[in-house]
Number of protein chains: 2
Amino acid sequence: MEAHLPAQAAPISNLSPCGGGQCASVCAECRVRLYAVCAALASDEIHELERITQHVSLPAKAALFHAGDEAQSVYTVTSGTLRLQRDLADGRRQVIGFAIPGDFIGLAMDEHFGFSADSLTPVNLCRFDRQAFARLAHERHGLLGRLHDFASHELGLAQEHMVVLGRRRAEERVAAFLLRWRERMARLTGASATLALPMGRQDIADHLGLTIETVSRTLARWMREKVILDVPDGIRILDQDRLEETVAG
Amino acid sequence: MEAHLPAQAAPISNLSPCGGGQCASVCAECRVRLYAVCAALASDEIHELERITQHVSLPAKAALFHAGDEAQSVYTVTSGTLRLQRDLADGRRQVIGFAIPGDFIGLAMDEHFGFSADSLTPVNLCRFDRQAFARLAHERHGLLGRLHDFASHELGLAQEHMVVLGRRRAEERVAAFLLRWRERMARLTGASATLALPMGRQDIADHLGLTIETVSRTLARWMREKVILDVPDGIRILDQDRLEETVAG
DNA sequence: GGGCGTTTTTGATCCAGATCATGGAGAGAT
DNA sequence: ATCTCTCCATGATCTGGATCAAAAACGCCC
């Protein structure tokens, strides 16, 4: 099972300060501000958040943190995709989700992370000291409210995913995944025919409680049947109705 | 599949005001106050919560609300057990959890409920108008913080359950369920050898993504092997280590 | 371009758990 | 005490997706 060992821990840290003008250095210029928790703060309040913000980047296929690590920081993703997963002792793993720009990592505000986070692509993040962030959330009421909105939204998605994992057949799972991923990407990039899939087949399988073979076969069949089209680093959805029918049962 | 149709909707409502002194009429006497969201409020603040509280009860096997219903109220469970579930169009269902005393129902504070709630036993609840509760949460900072703590705790449990549903074998699922249920009950009643199981086999199966036969066979085997003992309305765990080993893999 | 590790595809076979089928055990109701 | 209804147990059989086993298709580095 070498295939999906977590990206190896960096000697000290995979993170480097985000330089070279590739990150918005101020929130006012941030492309994901309105999607992120940060939208809770008015322009005059956002400076307080900026004071505790570090812009950091992570190369592709690197660990941001491991399950059980002390949660010194929490993060907002500003670019790239991460994979969030929990592992069993014997190597089985469950990908609990993928984090994309605008997502907040560390909602639980817990002492320790309950899952691991690894970058799938190069990633830029706003890093906040957890304690300082928690303090700010308790001072600035809107921020706490928005954190709670994010958490309860996530909770709803998690419950929906329980249905997928507990009661859906393989084909339905893959269809549901593609449609939801497309929806999330659409929020960021606008509706687009081609759908980038930064995660590998194994990641999709581990997200859906399937094997890589089943995911591969399902996608291959849909390609044969012209439901989707293979494009580099993703797919193009040709027959969305067909996928929706599959999910509806 | 008549077996687990949702309890039929009441003509108007299954709820009745809680009378006859069976509920604590004031928070100060509430047995679950310290476990519930209410613990966020100091004794001088709790009166504001009491002002918007209605004590209601529900008989066994009755619907509290259905998925998609407008969420006019949110609830704290003070006694009894409820089953929370999501249904697919063709009758498959996923039990997303069981609510016990101290639990808060309606964390999402969403316009509409994302799941159905049915009582398994007679239930007593504190009912809050959702809007009034939300308003209070935004005034009394601690309450919102505690709501968020509850939501993120639930999120962690939901993620753990994803691992169960996505990656665990049948036997591991049942063992994990028994141990977690015992843990939750222990918080309420103190450590006890006998474990009440107010939910039926079908409910457990639908919670774990299994069939009733698989659950039944697994429990039957453990009874034969003296891992558990059958008692009326529940079981007694004789060999907890064995269950823990099963979960550990 | 060619070698090499990694990921994906595809085929053959297997098996854990689903499905089908039946009998039994309680709990009410009359 | 018998009927009915619901839930649970257990045996027999089936099957969707897992597992096993190669190839093929990628990068990617030199």
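Every chain begins its residue count from 1, and numbering advances along the sequence as written. Following the order in which they are written, the chains are lettered starting with A and the ligands numbered starting with 1. Residues qualify for local features only when their pLDDT is at least 70, as the model is predicted, and side-chain atom pairs are given and counted only at 80 or more; totals for whole chains, interfaces and linings, by contrast, use all residues.

A few points about the overall build of chain A
Here comes step 1: Under the scheme used here, helices are H or I runs from DSSP no shorter than 4 residues and strands are E runs no shorter than 2 residues, and both carry numbers assigned from the N terminus. Looking only at helices and strands, chain A features seven helices and twelve strands.
Here comes step 2: Between the two quantities, the radius of gyration covers C-alpha atoms and the globule rule is 2.2 Å times the number of residues to the power 0.38. Over its C-alpha atoms chain A spans a radius of gyration of 19 Å, differing by no more than 12% from the 18 Å that the globule rule assigns to 249 residues.
Here comes step 3: Across its three principal directions, the C-alpha atoms of chain A cover 55 × 40 × 35 Å.
Here comes step 4: Put plainly, a residue is buried at 20 or more neighbouring C-beta atoms within 10 Å of its own, exposed at 12 or fewer, and partly exposed in between, counting only other residues' C-beta atoms, which are placed from the backbone. Counting over 249 residues, chain A shows a buried share of 44%.

Remarks on the protein's contact with DNA strand D
Here comes step 1: Defining nearness, a residue is near a molecule or strand when the C-beta atom obtained from its backbone falls within 6 Å of it. Around DNA strand D, 16 residues are found, and the nearest of them are Arg169(A), Thr214(A), Gly200(B), Ser216(B) and Ala220(B).
Here comes step 2: Sorting the residues of the surface near DNA strand D by element identifies α6 (212-224) of chain A together with α5 (201-208) and α6 (212-224) of chain B as the ones contributing at least two each.
Here comes step 3: Per element, the largest residue contribution to the surface near DNA strand D is five residues, and it comes from α6(B).
Here comes step 4: Of the residues that constitute the surface near DNA strand D, the class distribution is six nonpolar, five polar and five charged. Gly is put with the polar residues, along with every residue not named as nonpolar or charged; the nonpolar set is Ala, Val, Leu, Ile, Met, Phe, Trp, Tyr, Cys and Pro, and the charged set is Asp, Glu, Lys and Arg.

Remarks on the protein's contact with DNA strand C
Here comes step 1: What surrounds DNA strand C is a group of 16 residues, the closest being Gly200(A), Ser216(A), Ala220(A), Arg169(B) and Thr214(B).
Here comes step 2: Of all elements in the fold, only α5 (201-208) and α6 of chain A together with α6 of chain B reach the threshold of two or more residues within the surface near DNA strand C.
Here comes step 3: Broken down by element, the residue count for the surface near DNA strand C peaks at six residues, all from α6(A).
Here comes step 4: Of the residues belonging to the surface near DNA strand C, the class tally is six nonpolar, five polar and five charged.

Examining the nonpolar core
Here comes step 1: We define a nonpolar core as a collection of buried residues of the types Ala, Val, Leu, Ile, Met, Phe, Trp, Tyr and Cys that are connected via C-beta atoms lying within 7 Å of each other. Core analysis: the largest hydrophobic core is formed by 137 residues, its most contacted members being Leu82(A) and Leu82(B).
Here comes step 2: By the convention adopted here, residues are in contact when the distance between their C-beta atoms, placed from the backbone, does not exceed 7 Å. Ignoring any residue separated from it by four or fewer positions in sequence, one finds Leu82(B) in contact with Leu64(B), Val77(B), Phe98(B), Ala99(B), Ala117(B), Asp118(B), Ser119(B), Leu120(B) and Val123(B).

A word on the sheet that holds strand β3 (residues 63-65) of chain A
Here comes step 1: Read across the open sheet, the four strands follow the order β3-β8-β5-β6 (chain A); overall the sheet is antiparallel. Edge positions in the sheet fall to β3 and β6 (93-99) of chain A, since each of these pairs with one other strand and no more. Adjacent strand axes in the sheet meet at a mean angle of 30° when their direction is disregarded.
Here comes step 2: Direction of pairing for strand β5 (residues 82-87) of chain A relative to strand β8 (residues 116-119) of chain A: antiparallel, over a ladder of four bridges. In the strand pairing of β8(A), Arg83(A) is matched with Asp118(A).
Here comes step 3: Lines fitted to C-alpha atoms define the axes here, with helix axes fitted over just the stretch in contact, and angles between the N-to-C directions of these axes take values from 0 to 180 degrees. Helix-sheet contacts for helix α3 (residues 141-167) of chain B involve β5 and β6 of chain A, and the interaxial angle to β6(A) is about 125°. Strands pair, by our definition, only if DSSP identifies at least two bridges between them.

Describing the interface of chain A and chain B
Here comes step 1: Taken together, the contact pairs 35 residues of chain A with 35 residues of chain B.
Here comes step 2: The set of elements that each furnish at least two residues to the side of chain A that touches chain B consists of β6 and α3 (141-167) of chain A.
Here comes step 3: Looking at the side of chain A that touches chain B element by element, the count peaks at 18 residues for α3(A).

Comments concerning the pairing of strand β6 (residues 93-99) of chain B
Regular strands have side chains that alternate between both faces of the sheet.
All names here are of chain B.
Here comes step 1: Taken across its seven residues, β6 has seven buried, putting it largely inside the fold.
Here comes step 2: In this structure, strand β5 (residues 82-87) lies alongside β6, joined through six bridges in antiparallel fashion. The partner of Arg 86 across the bridge, within β6, is Gln 94.
Here comes step 3: In sequence, β5 turns back onto β6 through a hairpin of five residues, with Gly 91 there showing a positive phi of about 100°.

Considering the domain arrangement of chain A
One frequently used descriptor of interface size is the decrease in accessible area upon assembly of the parts.
Residue and element names in this part refer to chain A.
Here comes step 1: For every domain, the bounds stem from an assignment made automatically or drawn from a database. Taken domain by domain, chain A holds domain 1 (10-162) and domain 2 (169-248).
Here comes step 2: Computed over C-alpha atoms only, the centres of domain 1 and domain 2 are separated by 25 Å.
Here comes step 3: Listed by contribution, the elements that provide at least two residues to the side of domain 1 that touches domain 2 are β5 and β6.
Here comes step 4: Of the residues forming the side of domain 1 that touches domain 2, the biggest block, four residues, is contributed by β6.

A word on the packing of helix α4 (residues 170-189) of chain A against helix α7 (residues 240-248) of chain A
Two quantities define a packed helix pair, namely the angle between the helix axes and the distance between the axes.
All names here are of chain A.
Here comes step 1: Running from amino to carboxyl end, α4 crosses α7 at an angle of 125°, the nearest separation of the two axes being 8 Å. Relative to α7, α4 is oriented oblique. Considering how the two elements wind past one another, α4 and α7 form a crossing that is left-handed. Across the interface between the two elements, Glu 171, Glu 172, Ala 175, Ala 176, Leu 178 and Leu 179 of α4 pack against Leu 243, Glu 244, Thr 246 and Val 247 of α7.
Here comes step 2: Classifying every residue of the contact of α4 with α7 by side-chain character gives six nonpolar, one polar and three charged. Angle categories: roughly parallel below 35 degrees, roughly antiparallel above 145, roughly perpendicular from 65 to 115, and oblique for all the rest. A crossing counts as left-handed when the near helix is turned anticlockwise from the far one by less than a right angle, and as right-handed when that turn is clockwise.

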